[in-house]
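# Descriptive analysis of the structure
Listed below are the residues making up each chain.
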Amino acid sequence: MTIIQTVTGPIDADSLGRVLIHEHVFTGDIEHLLNHGRDFDEDAEIARAAAKMNAIKASGIDTIIDLTVLGLGRYVPRIRKVAELTDLNIIVSTGCYTLDVVPMPFQMVGPGLLFDEEDPMPGLFAGDIEHGIMDTGIRAAEVKCAIDAAGLTPGVERVMRAVAKANVRTGAPITVHTNPANGSGLIAQNVFAEEGVDLRDVIIGHLGDTMDLDYLTALAERGSILGMDRFGIAFSLSFEQRIATIVAMIERGFVEHLALSHDCYCWTNFHPGGVARFHEHQYSAVTDHVVPALRAAGVSQSAIDIMLIGNPHRHFVGAASRFAARNRSTHPADGVV
Ligand SMILES: [Zn+2]
């Protein structure tokens, strides 16, 4: 049995059920919220978010991975209030989202910097996984970083290596936000591999934004899961193109490397309007539109189950079992290291 930590406590991995691998509950700039967030009604937003989580559960989804980390407004006490009002499993993440420089609390601290000491990031991330976030008792179960149009800037690379170290130290799997336009998924895989990450532990995010089958194939052949995770967002590709790309990848034999999601949120202050820029960008798109469209395109129910159940399950259980095996081989039972 593999235990997976959720906001409301540990569950057996076999209870994960159908998983949306890349979502958010609340995202936003917390400093802006504290200074300019007059309109934010926390109790109302928690109730609204819980209603959305309940609707996801009613649609047949059992678990979401909330990839809101430092830089995206993570605040788990608020997530707990939502999680207590729903039966949906909510898994939270640690790590850092930056597309360029590291957040201020890290800019002067680290090897060779003004405060020339150990980089605090890997330890903070691992601590969120092993001991919990602050004194909430809520433990993260996923590690997250990002690389986008700016590529592997020094800040992006530093976070990526810290995330990799947290994975190696704890066995928690990784999701990386990428931009397919510059092939940044391959760059991320290279950095992770250099740090000793097993690339099967990694979901490469936002690959639903490309139809470049050779790029997708190259990433999948190294073992990672491809996040087809922006259903309902009408930029870069249409819904039909996103569906066609999944069908083509299944035809190429990569059903075990595909996972589905929306990258939705219940509330944000990153843009006006608070919720979605696109009307179709709803947590229900996968169950209401994607699955029927895939079935109509000839994709079998068992392939759907692999993408929604099997692959997310393997993402957690595979990483945990490889971590256990690594630790057994470096720490033999007889104590002779
Ligand atoms: Zn996201």
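What counts and what doesn't
Residues numbered from 1 in each chain as written. Predicted model: local features only at pLDDT ≥ 70, side-chain atom pairs only at ≥ 80, totals over all residues. Heavy atoms only, no water. Disulfide = S-S within 2.5 Å. Buried < 20%, exposed > 50% of the residue type's maximum accessible area, 1.4 Å probe, protein only. Helix = DSSP H or I, 4+ residues; strand = E, 2+ residues; numbered from the N terminus. Expected span 1.5 Å × (residues − 1). Arc of directions from axis to C-beta. Contact = heavy atoms within 4.5 Å.

## Some details on the state of the cysteines
- Counted under the stated rule, the structure contains zero disulfides.
- Considering cysteine sulfurs only, Cys145 is the nearest to Cys96, which forms no disulfide, with 9.0 Å between them.
- Distance from the sulfur of Cys266, which forms no disulfide, to the nearest cysteine sulfur (Cys264) is 8.2 Å.
- The class for Cys266 is buried, based on a relative accessible area of 2%.

## Digging into helix H10 (residues 285-296)
- In this model H10 runs 15 Å from its N-terminal to its C-terminal C-alpha over 12 residues, within 8% of the 16 Å that 1.5 Å per residue would give.
- For H10, the set of buried residues is Ala285, Val286, Thr287, Val290, Val291 and Leu294. End-on, the buried residues of H10 take up no more than an arc of 150°, which puts them together on one face.
- As for H10, its buried residues are in contact with strand E3 (19-23), helix H9 (239-251), strand E10 (258-260) and helix H11 (301-330).
- A positive backbone phi angle near 100° is found at Gly298, which sits one or two residues after H10.

## Some thoughts on the environment of Ala218
- Take Ala218: it is sitting in helix H8 (residues 213-221).
- Judged by relative accessible area, Ala218 falls into the partly exposed class, the value being 26%.
- Between the alpha carbons of Ala218 and Gly185 there is a distance of 9.7 Å; along the sequence they are 33 residues apart.

So, to be careful, I would describe these as geometric facts and stop short of saying anything about function.
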